[in-house]
Every structure is written in structure tokens, then in C-alpha cells.
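So you can see what is in the structure, the chains are spelled out below.
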Amino acid sequence: MQDIVQTRSGAVRGETKGVVTRFLGIPYAAAPVGALRFALPRSPDPWTDVRDALTPGPNAPQKVRAIPGLDVAPLVGTGWQAGDAFLTLNIWKPAGAQTGLPVMVFIHGGGFVLGSKDAAVQDGSAFARDGVLLVSINYRLGVEGFLPVPGIPTNLGLRDQIFALYWVRDNIAAFGGDPGNVTVFGESAGGMSVANLIASPLAKGVFRRAIVESGHGAMTRDIGVAQRLVRKLAGLLKITPDAAGFRSVEPGDMLAAVEKVSLPTTRLDLRDADGREPVFGISRFIPVHGDDVLPVKPLEALNQGAGTEIDLLIGTNAQEMNLYFVPTGVREKIGRLLATYVVHKCQPQARKILRAYGMGASGVKPGHAFTDALHDLVFRWPARRFAEEHRGRTHMYEFEWQSPIFDGLGAAHGMELPFVFDTLASVTGPQGLCGEAPPQELADRVHGVWVDFAKDGRLPWPEFRREDRQVYQLAQGAAVHEPPMAAAPFLP
């Protein structure tokens, strides 16, 4: 059965299957091509006929990165689906006429250089089945979205996300959603994005609650530091490091240079004045602070009262960096000198950090100390710091279920997603993230926590406070006191 809804730009036709109606590929902004390629997002041109919203459509230019032995397609999508009009969104809603539905808006991850609203793991059908209207968005990535090129507006990817939230505010009631009850959530780069939106004055008032999965506000750069990347990339492309230079290269023709500049062997110093590189080389392309989107660093904005009105659920996985270091063998093979060198490139006290995680102790492999340190440095402790500084209602979780693949991938980065979306089938199998038999009962519970929070803010554990540090263990189903981590003295 097909359903027609009138948006401010024109009517769209979706499709109902069972208890869920979905609309795919609805434009929330004009195609970012031609004069609009490096421009602020603007509304799409209106249409008069009913527009089919039955296929996902294109996504942002990107190149998918493989992980040996792991099927990454369910997590990040099937790669670049070429096409100009990719600033679009998907909607899943309960079938039938509805009003006042709680709304969730999901921002995908992918290191700000890849990913898609259409990745199988984040299918919104289970949320719609359970009474939530789920929206998932595309946004500009890489050079177009997160490179502060002189003469081009900064943070265009974040501006796209904010523009999509304004679209939701103005149009979602027509689909049965409540624009006054919007929860924005995201994972990895999407979680970092949500943390930045909490801190941004431009996003104030367009959402009520936020969920930050494996993200925080520490991964931003000063514009001047980030412009070192502009110059490096311009050199690789043999163009001038300005708007005219980057406009002269087609988006697809930049992908090889983006991959090259992203290699850990590429000589590029992105450390700040304190000698820290906040991303630890995971991505060169991240948001910048010092503009109208993020006037100050997100933690500083929270300290000044930004986001006080937002109910926040934030958390991490217990072994985030295993995704990068277990399939590749780094955790077992890296030696003491190389581990120290890698951390030193990002942190000024590398030896002290690694000693705090057991480097040099009897029976502790260098790669184990290195990996354990990076779990906390990159994801876990910065998320706790964000929770500490947020002055509104704040709850903290940890996802600790252990995937058995690779003889112990554990609670790695991205592992919570199929449980949150109740999409375990998409990541089950010999090369699936969750292995052969992930527990559906846990997916039922975790998904239920997200649904209840979106509906009315309910959570089954106490708020996170600096003094008692209550963190809810999702697999265990209980809140525990969590002391400060060994990484605490080494990070802002």
C-alpha cells in the first residue's frame, strides 16, 4: 500500500508494509552541486507532482574502507551511490493515521568521510513498530563537509545536519510526528556530531533530547590547525588551497587524495598548541571550532551553559578500539617502541600514559596496554568528561556485550548499533559483527531503553554526577559506580 504526505516542498509517496510505513530519499535541502556545492544548505526547489519516496537515492561521495574478515556493508552502507541530490532523509513511521508521535533523528557515523542513512544496521522499522517516528539523514562528508577551505563556509556537514533538523521541525507533523518531542542521536562521527549540536547556538531549540553513542565533544580542531590539512590536500591535488582551487576538482576526483592524506604514513602534524591530536589519526576530517556553528570548544560551551535544556544519554562500548586493532592483528603484534611512537604523535606524555595502562609490567603485552589506553583516550574518558560538563539532565551507559568473532572482538566500536536498532539479523553470520548467535533478549532490552527515552525521557538508572559516577551496564542491566580512569590526568 502507498501513502501520500504533503511536505512544504511538495507531496511525497511512501510505502506501507505490515505495521510500518517508510519514505526513502526525501530531499531536505537542494543538491549541493554547481554554485551550491560549497554553499550553505538551502531548501530544495518545490515540485508539483507527487514525488516517489520509494528508493534511497544517492549518498555523499566516499570510499568504503575494508576491515579484514568483517562484512562492513551493514555498518556503513555499500559505498558511494553517485548522484547530485544526496541531501536527503528517510522516514519510518507506524502505519496508519497518527499524531503526536515521538521523533528520533539518527546521524550516521563513518569518520566524517563515509557512511550513509541507508546502512542496513540502522533500519528504522523496529522503532516504527514500537511507536516512534524514525528519521535518518545524509550530510556532506570529507572535503565538501568538513574541510575549512578559505573562502568557503566552515562545518558544512554540521550545517546540513542542523538544516535537516529544521526540516523535521517544519514538516514532521504532516507525517504524524511531534516537532516538540525530538530526540537526535548518532554513533561514532554521528555521536560526535550530536555532541557538537548540543554545544551549537545554531541548533538551540530544535531538539529536546540527545543520545551520543561512542562520541563526545573533544574531536574538534582549531580552524588554523585544520587548515594545515587544506594545504596538504591542495598539494596532493596540485591546486591552490582556496575556494577556486577546490571548486576546480570534481568530488569523485578527490577521493584518492582523501584516502592518501588519511594514511597514517602521510606526514601531517595536526596537533594543537598543547601538543594533542584529539582524533588519534582515526580521521583527518572533523568539525572545527571558532565559527558561528561552534564559537568555542564544545566542553567550554557546556561549561558556559550550552545544552542545559537538553536531556542527554551518552555512553561508550567497553572495548572500542578492538574494531581497529583486533582484526588487523595490531593488538597482539605491536611492540613497545611503535606503540609509544603512535601515542606520542597524539599525546605529549605517551610513556606515562602507557605505563598507567601496564606497559612494561610483567605479563602485560605492549599491544594490550596500547589498546586499553586508546579505548579510554579516544572514546571512553572524553565521553565521561562531556557528561561531567553537561549541566542538564545526564545519564551514562556502557555497552559491554562481547562479540566472539576474531577469537574475541569484544565490545568493539559500533557493537551497540544492531542492539539499539533491533537489527541483529543484518550483522549475524561468520563475517558479521556480532558472530553467529547474538542474544535477541539483549537487543529487546537495549532497544527498549532507547524507545522509552525518546517517548518521555524515562531511564531505569540514576543520573550521572561527578560525585557518584553512576554508569549503566547495558548487558548486565544494572548501574555501577565507575571511578575515574587512568587516562584522566592526561586529557583536558
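Overview of the structure. (Residues numbered from 1 in each chain as written. Predicted model: local features only at pLDDT ≥ 70, side-chain atom pairs only at ≥ 80, totals over all residues. Heavy atoms only, no water.)

## Some words on the side chain of Asn90
Relative to the elements of secondary structure, Asn90 occurs in strand 5 (residues 88-94). Looking at Asn90, its side chain comes within polar contact range of the side chain of Asp118, at 2.7 Å. In this view, Asn90 contacts Phe23, Leu24, Gly25, Lys117, Asp118, Leu134, Val135 and Ser136; residues no more than four positions away in its chain are not counted. (Helix = DSSP H or I, 4+ residues; strand = E, 2+ residues; numbered from the N terminus. Polar contact = N/O pair within 3.5 Å; in protein donor to acceptor, adjacent residues only side chain to side chain. Contact = heavy atoms within 4.5 Å.)

## Some thoughts on the pattern of salt bridges
Under the defined criterion, the tally for this structure stands at 32 salt bridges. Note that Asp130 and Arg129 form a salt bridge whose closest N and O atoms lie 2.9 Å from each other. Judged by relative accessible area, which is 45%, Arg129 ranks as partly exposed. Residue Lys204 is joined to Glu309 by a salt bridge in which the shortest nitrogen-to-oxygen separation is 3.5 Å. (Salt bridge = Lys/Arg side-chain N within 4 Å of Asp/Glu carboxyl O. Buried < 20%, exposed > 50% of the residue type's maximum accessible area, 1.4 Å probe, protein only.)

## Observations regarding the pairing of strand 1 (residues 2-6)
Both strand 1 and strand 2 (residues 11-17) contribute to a ladder of five bridges, which runs antiparallel. In the sheet register, Val5 faces strand 2, and the bridge partner there is Val12. Between strand 1 and strand 2, which pair antiparallel one after the other, the connecting turn spans four residues, and Gly10 there sits at a positive phi close to 155 degrees. (Pairing = 2+ DSSP bridges.)

## Considering the packing of helix 6 (residues 223-237) against helix 8 (residues 255-262)
Here helix 6 crosses helix 8 at 125 degrees, and the two axes come no closer than 10 Å. By the angle class used here, helix 6 and helix 8 are oblique. Helix 6 and helix 8 meet at a crossing whose hand is right-handed. Between helix 6 and helix 8, the contacting residues are Leu229, Lys232, Leu233, Leu236 and Leu237 on the first element and Ala257, Val258, Lys260 and Val261 on the second. Class assignment of the residues belonging to the contact of helix 6 with helix 8 gives a composition of seven nonpolar, no polar and two charged. (Axes fitted to C-alpha atoms, helices over the stretch in contact; angles between N-to-C directions. Parallel < 35°, antiparallel > 145°, perpendicular 65-115°, else oblique. Left-handed = near helix turned anticlockwise from the far one by under 90°. Nonpolar A, V, L, I, M, F, W, Y, C, P; charged D, E, K, R; others polar.)

## Here we look at helix 17 (residues 440-456)
Taking 1.5 Å per residue as the helical rise, helix 17 with its 17 residues ought to reach 24 Å, and the 24 Å between its terminal C-alpha atoms agrees with that figure. Within the span of helix 17, buried status applies to Leu442, Ala443, Val446, His447, Val449, Trp450, Val451, Phe453 and Ala454. Downstream of helix 17 by a residue or two, Gly457 has a phi angle that is positive, lying close to 85 degrees. (Expected span 1.5 Å × (residues − 1).)

## Focus on the nonpolar core
Counting 158 residues, the largest nonpolar core has Phe207, Phe246 and Trp450 as the members making the most contacts within it. It is helix 14 (residues 366-389) that contributes the most residues to this core, 11 residues altogether. (Core = buried A, V, L, I, M, F, W, Y, C linked by side-chain atoms within 4.5 Å.)

## Quick look at the environment of Val249
Here Val249 lies in the loop between helix 7 (243-247) and helix 8. For Val249, a relative accessible area of 11% gives the class buried. Each C-alpha atom, one on Val249 and one on Ile239, is 8.5 Å from the other, the two residues being 10 residues apart in sequence. With near-sequence residues (within four places) excluded, Val249 lies in contact with Arg37, Leu237, Ile239 and Met254.

## A word on the side chain of Arg159
Residue position: Arg159 is located in helix 4 (residues 156-171). Judged by its relative accessible area of 12%, Arg159 is buried. If we ignore the near neighbours within four places in the chain, the residues touching Arg159 are Leu40, Pro41, Pro153, Thr154, Leu202, Asp291, Asp292 and Val293.

## Describing a positive patch on the surface
A cluster of basic side chains, namely Arg336, Arg351, Lys352 and Arg355, defines a positive patch on the protein surface. For the positive patch, the element with the most residues is helix 13 (residues 350-356), which contributes three residues. By the element assignment, Arg336 lies in helix 12 (residues 336-344). (Patch = residues over 30% accessible without salt bridge, like charges linked within 9 Å, V, L, I, M, F, W, Y side chains within 5 Å. Areas by Shrake-Rupley, 256 points an atom, 1.4 Å probe, with all protein chains shown as cover. Lys, Arg positive; Asp, Glu negative; His and termini not counted. Charge placed at Lys NZ, Arg CZ, Asp CG, Glu CD.)

Don't take any of this as a statement about function, it's just geometry.
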